[in-house]
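Residues per chain are reported as follows:
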Amino acid sequence: MQSNKLGWILLAPTLVILFFFGVLPFIYVVYVSFHSWNPFAANPDMVFNWADNFRRIVFDEEFLNSVGVTVMFVFFAVLSELIVGYFLAQAFMKEFPGKAIFRTIHTLPLIMAPIIVGSVWKLMTTPSIGIIPHYLDEWFGISMNIGTSAPTAFATIVLMDVWHWTPLVTLTLIAALVSLPPDPFEQAQIDGANKRQIFWHITLPMIAPAVVATVFIRLMDALRTVDEVWMLTGGGPGSATRFVGVHIFKEVFPKTNYGYGSTISVIVLYLTIVACWLLYVTMLAPRTKKKG
Amino acid sequence: MKKQNPIIGIIFWTLVSFLTLFPIYWLFVISVKPAVQLFSTPDLILSDPYWGNYAKVWGDRLLRSYMVNSLIISSGNAILCTILGFFACYALSRFNMSGKESIFFWTITNRMAPPAVFLLPLFLLLTQVYAVGEWNLLDTRIGMILVYCTFNLPFAIWTLRPTVDGIPKELDEAAYVDGASAWKVITEIVFPLCRPGLAVTLILTWVFAWNEYLLAATLTNFNARTLTTGLSEYVTTTGTEWGIMATISVFTLIPALIVFGLVQKHIVAGLTFGAVKG
Amino acid sequence: MNFALKLGTSALAISVVATSAYADDAFWRKAAEPYQGVTLRGVTESSPPSLYIREVLAPQFEELTGIRVDVETTSWDQMFDKAIKDMEAGTGIYDMVYIEQDIIYSYLARDFLVDTTQLLADNPALKAPTYDEANFTTFADYFEDAEGHLYGIPMEAFIKVYLYRTDLFGDAEIQAAFKAETGRDLVPATTHEEYAEIARFFTKWGEDHDLDLWGTTAQAHTGHVASWYEYYESIAPTFGVYNWGIDAANNYAASVANGGTMNSDEAKEAMTWWLSMRDIAPPESPASTWTEVGTTFGAGRAAQGLVYGENAGWIAADKEKSLVVGNVGVALPPLAEGVMEAAEAGEGYIGYYDGGAFGLPSTSKQKEAAMLFLQYIGQNEVQPDWAVAAPRVTNKNTYDDPKVQAMNEELGGYYDMLKDKGYLFAGAPAYPFHAQVREATAPTFYKILIGDLGVSEGLDEMAAKAEAELTNLGYRK
């Protein structure tokens, strides 16, 4: 084993870049979050206001609402992606002609920019003219309007996210399933275990780290979703899809509310870190330690 | 491998592929429709395509330069993140540095930040702190490559860690015993063994950088604008040019498709995020 | 002929070759001598008038003076953010910024802009003989301070008009059916009742004849500020509620209790009426911004509607984008009683006069050279071609140009209306907190649109939110 000095040298570029482009902006945001600052207020300067912003946030209905819809969105989207992704990954474990082609097709949504995904889905779901509402109406007599129905808009966004990101989940789960050792399964079959028992007692525990790691990445990215929602609904109808990312965007961009916007961001980042950390220590870290 | 009737697999996957492909197909349909047809009754089957949008986009010198910028920035960023991420993972995997697991977790928190509010400090840093005389990092490709590290470097580290962990330490030790230098061990022994994981990291970071919009829109002006910012130019108060937007989108898909196709076979082997090794 | 977005690069190449041969070439060359090698940089929205600057006027200017002009075109929300960040931080990236009429007061309050009148007075050598502030239409007034000094060179101006389909309104069968049903002749409405009657008639007509036709447009997006703007710029004023119902002279009061009109009976009547129109508009209306309203009308899905002047142009004349070319008539918006009299007397207005100007940021490092370019685009001589390429008029004598007159015909008399009736319309109220109050009240506004809140309680809540935000910003004491 080499000395730790080499380890630090190898780690140094990463730490330096993340310090200059991640930590310094973060410190600035924390600093601003203790100020009232809107360049178009009567007093355009930054004014230190202790923890006023943090006090205000606790009673900010719009912010709390946005946290609520974000949590719902992340829950439904990531759970659906996990379930669909798992079944597709299992389906890919079987051999059939054209498998490579189908797998390539299945990864295609991944390469689309969120802003493009949002645009296409907007055009597909424009009430009455978009292809989906049009044929829903013509074939089934269902009227779909993402401009008036909050559940429809919410479901459309979840569906869009599932369409866009399930491939990532499928890929990671395929990787996990491929690397499973065959012995426990053969043993279980000999012992007469049924499919469900095998899944709950053998497959799931063995792929759990991969599942958690995937959920981890998806959770993190879903919490920051902005571009595609911005294009598709703009946060509407009402506040039905005003996720925290969109809320912060509206607070910071058009409203130029830099002080309070920073406070919201700090809180959101804090909540995200806590959620991810809990997930990490309870599920991932023990496995990593065992290995190392 | 389990056996089953291949027909079922094909039928199942054809259906799934149809759902997967439909929005992409629709993007293409929009790109070959004249604007005047966009708000008329939609036809599922494409007839009489109109190539005017393609001519317009292809002939636009600005969009061509955006394409070059996008290619340079995302490739530069993906390579940088993959290499630095690999070094970082090697360090985290092979050395007993104090607090290394905390550092590992901390790296990923950089990806969690809601981007909108970080634009102002980044703008200030790029224009006023990371500046030499008249020159500064704003609106430069190198600036964007470095800024994109904030979300791609953590991702690279998290994707590569299990791969590097999975290479047995005994290999390194044997090489050291044979008198190899640390540099040689890292670049000539461990690095090649990690190739599948590196390929996946490279492609995914590339895709994330290629598709990034908000940071590029704010931190570039003339010289380093990317294709995704080019898209937003067509959302205006005088109407959104959906046809042109869709056409540019199709153009953004092509390079992504090529890069993805090239490393497709490595992907499954490399995506081992903490998967249990057999 | 189609004009808008005829700015494909090929068409532009021709204009660039046919460079201006104006009388004062000598002046520009001489005035530009000290600035050789300078590159000016501007930021603007990528609308047709701006693209014309980027693709035509900037290259012409460079050829004439040797000063290079780079214009960054971007989306509407990005443009403000970029200009504000630059000017706030004092970076000096931009030498010219697009100032939308509604943000000028915010910029002036922050001294973001250079006083162009003063700059020219201080540097007589810069003053172009062909540039004169007196050439501009009254739209330039919105970019002046109390002393009449100009802070932005107008580059586009539009009014939000009442568009109707001349083919439908002129159809004998429809006319007869309308008369039979209502006892009135089918002519463009002048009151809200008439407008509603026509709207209901056409929506029913579309249903009965299985047509994709509705009686009105509605820019009623439930998550985008376009709907907020339609109500406050175009609907509320026609019911006599001006300046968003906020009384600047009275401590920025918004609620009736404090002396404002944001939740007045007129405001509630206006909202109720507008929602009733939204309900019989095409189904895409609750997801429509200005983009979709233009497209809806252009696709022939609405018989009448309030449409931004920017879009009136291509709807009336661009065959590549519109199905109703040649069938578009222009009229003044329907009004409540007394509103026209108030507008004539200068105490009110009947609709929105929007547009933008190019301003010179105080942080620019090339103010003199930028001033030359601003004068260049403000000259009468460059206006007619520009007005044909993108339907906007900022100088008085542009209306008289034969090319513009010909286009006026195509646009159903839109330019005549801009010229003769423009004074009845008004820009956004002179508030330095435009986007702030808009964003503070918008979530409540959307709740009214989706029916979570009634009109009355919703507007009450909006007035309260507006006052709270104004207090928070420090304007309301």
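Within any chain, residue numbers begin from 1 and follow the written order of that chain's sequence. As they are written, the chains are lettered A onward and the ligands numbered 1 onward, keeping that order. It should be noted that, the model being predicted, local features are given only for residues of pLDDT at least 70 and side-chain atom pairs only at 80 or more, the latter also being counted only at that level, while totals for whole chains, interfaces and linings use all residues.

Draft legend 1. Representation of the overall build of chain B in the model. Helix and strand assignments follow DSSP, with helices taken as H or I runs no shorter than four residues and strands as E runs no shorter than two, numbered in order from the N terminus. Summing up its helical and strand segments, chain B has twelve helices and four strands in all. Dimensions of chain B along its principal axes, counting C-alpha atoms only, are 70 × 70 × 30 Å. With C-beta atoms placed from the backbone, a residue is buried if 20 or more other C-beta atoms are within 10 Å of its own, exposed if 12 or fewer are, and partly exposed between those counts. Out of the 278 residues belonging to chain B, those deemed buried represent 55%. We call two residues in contact whenever the C-beta atoms placed from their backbones are within 7 Å. The long-range fraction of contacts in chain B, counting pairs at least 24 apart against all pairs at least 6 apart in sequence, stands at 79%.

Draft legend 2. Summary view of the UniProt feature "domain: ABC transmembrane type-1" (unreviewed entry) in chain A. Listed under "domain: ABC transmembrane type-1" (unreviewed entry) in the UniProt record, and renumbered for this structure, are residues 63–279 of chain A. For residues 63–279 of chain A, the helix share is 76%, the strand share is 0%, and the end-to-end C-alpha distance is 24 Å. UniProt positions are given in the numbering used here, feature names are shortened, and annotations may be inferred rather than shown by experiment.

Draft legend 3. Quick peek at unusual backbone geometry. Put simply, A:Gly236 and A:Pro237 share a cis peptide bond, and its omega is -5°. You can see A:Pro237 is positioned in the loop between helix 10 (227–232) and helix 11 (244–252). We note that C:Asp111 has phi near 55°; this positive angle belongs to a residue other than glycine. Tracing the backbone shows C:Asp111 in the loop between helix 5 (104–109) and helix 6 (116–122). Accessibility expressed as a C-beta count within 10 Å gives 11 for C:Asp111, which makes it exposed. Phi is positive for C:Asn243, which is not a glycine, with a value near 50°. Tracing the backbone shows C:Asn243 in the loop between helix 10 (226–235) and helix 11 (265–279).

Draft legend 4. Just the interface of chain B and chain C, in detail. Taken together, the contact pairs 25 residues of chain B with 33 residues of chain C. At the level of secondary structure, the elements contributing two or more residues to the side of chain B that touches chain C comprise helix 5 (115–129), helix 10 (214–219), strand 3 (235–236) and strand 4 (239–240) of chain B.

Draft legend 5. Broad picture of the interface of chain A and chain B. Facing 86 residues of chain A, the contacting portion of chain B comprises 77 residues. Of the residues assigned to the side of chain A that touches chain B, the class counts are 61 nonpolar, 19 polar and six charged. Ten residues, namely Ala, Val, Leu, Ile, Met, Phe, Trp, Tyr, Cys and Pro, are considered nonpolar, four, namely Asp, Glu, Lys and Arg, are considered charged, and the remaining ones, Gly among them, are considered polar.

Draft legend 6. Molecular detail of the UniProt feature "transmembrane region" (unreviewed entry) in chain B. When the UniProt feature table is mapped onto this chain, "transmembrane region" (unreviewed entry) is found at residues 7–28, 71–92, 112–130, 142–160, 198–222 and 242–263 of chain B. Helix makes up 100% of residues 71–92 of chain B and strand 0%. Its end C-alpha atoms lie 31 Å apart.

Draft legend 7. Just the confidence of the model for chain B, in detail. Residue and element names in this part refer to chain B. Confidence of the predictor at the level of single residues is given by pLDDT, which spans 0 to 100. Looking at chain B, pLDDT values average 86 and 93% of them are 70 or higher. Mean pLDDT values for the elements of chain B range from 74 in strand 3 up to 94 in helix 3 (residues 61–94). Confidence over residues 273–278 falls short of pLDDT 50; this stretch has 27 contacts with residues more than four positions distant or in other chains. Here the predicted complex carries an ipTM of 0.90, next to a pTM of 0.91.

Draft legend 8. Up close: the pairing of strand 1 (residues 39–45) of chain C. All names here are of chain C. Burial analysis of strand 1 places six of its seven residues in the buried class, which makes it a mostly covered element. A pair of strands counts as paired when DSSP detects no fewer than two bridges linking them. Bridge analysis of strand 1 against strand 2 (residues 68–74) gives seven bridges, and the strand direction is parallel. Note on strand 2: the bridge partner recorded for Glu-45 is Thr-74. If you view a crossover with the strands going away from you and the path from the first strand over the helix to the second runs clockwise, you call it right-handed. Tracing the backbone out of strand 1, into helix 3 (residues 48–65) and back to the parallel element strand 2 gives a crossover that is right-handed. Direction of pairing for strand 1 relative to strand 3 (residues 96–100): parallel, over a ladder of two bridges. Residue pairing in the sheet places Gly-42 in a bridge with Met-96 of strand 3.

Draft legend 9. The arrangement of the sheet that holds strand 6 (residues 304–307) of chain C in detail. Residue and element names in this part refer to chain C. Read from one edge of the open sheet, three strands run 6-5-7, paired in antiparallel fashion. The sheet is open, and its two edges are formed by strand 6 and strand 7 (328–331), each paired on a single side. In this sheet, neighbouring strand axes are inclined to one another by 30° on average, regardless of whether the strands run parallel or antiparallel. Two elements, strand 5 (residues 161–165) and strand 7, share four bridges in a ladder whose sense is antiparallel. For helices, the fitted line uses only the C-alpha atoms of the stretch in contact; every axis is such a line through C-alpha atoms, and the angle between N-to-C directions lies from 0 to 180 degrees.

Draft legend 10. Spatial organisation of the packing of helix 8 (residues 172–182) of chain C against helix 9 (residues 192–208) of chain C. Residues and elements named next belong to chain C. It is at 11 Å that the axes of helix 8 and helix 9 come closest, and there the two elements cross at 120°. On the basis of the axis angle, helix 8 is oblique to helix 9. Between helix 8 and helix 9 the crossing geometry is right-handed. Along the contact surface, helix 8 presents Ile-174, Phe-178, Glu-181 and Thr-182, while helix 9 presents Glu-197, Phe-201 and Trp-205. Each residue belonging to the contact of helix 8 with helix 9 can be placed in one class, and the counts come to four nonpolar, one polar and two charged. Oblique is the label for any angle not under 35 degrees, not over 145, and not in the 65 to 115 range, which are roughly parallel, roughly antiparallel and roughly perpendicular in turn. It is the rotation of the near helix from the far one that decides the hand of a crossing: anticlockwise by less than a right angle makes it left-handed, clockwise makes it right-handed.

Draft legend 11. Structural context of the sheet that holds strand 1 of chain C. Residue and element names in this part refer to chain C. Read from one edge of the open sheet, five strands run 2-1-3-8-4, paired in mixed fashion. Looking along the sheet, the strands with just one partner apiece sit at the ends: strand 2 and strand 4 (152–159). Recorded for the sheet is a direction-independent mean angle of 20° between the axes of neighbouring strands. Sheet contacts for helix 4 (residues 76–89): strand 1, strand 2 and strand 3; angle to strand 1, the most-contacted strand, approximately 135°.

Draft legend 12. Focus on the UniProt feature "transmembrane region" (unreviewed entry) in chain A. Residue and element names in this part refer to chain A. Mapped onto the present numbering, the UniProt feature "transmembrane region" (unreviewed entry) falls on residues 7–31, 63–88, 100–121, 153–178, 198–220 and 258–281. Span residues 7–31 is 100% helix and 0% strand, its end C-alpha atoms 33 Å apart. Between the C-alpha atoms that bound residues 153–178 the distance is 37 Å, and the span itself is 100% helix and 0% strand.

Draft legend 13. Quick look at the domain arrangement of chain B. Residue and element names in this part refer to chain B. Domain parsing of chain B yields domain 1 (1–50) and domain 2 (57–272). What marks off one domain from the next here is an automatic or database domain assignment. Measuring from the centre of the C-alpha atoms in domain 1 to the corresponding centre in domain 2 gives 31 Å. On the side of domain 2, six residues touch domain 1, which itself brings seven residues to the contact. Each residue belonging to the side of domain 1 that touches domain 2 can be placed in one class, and the counts come to five nonpolar, one polar and one charged.

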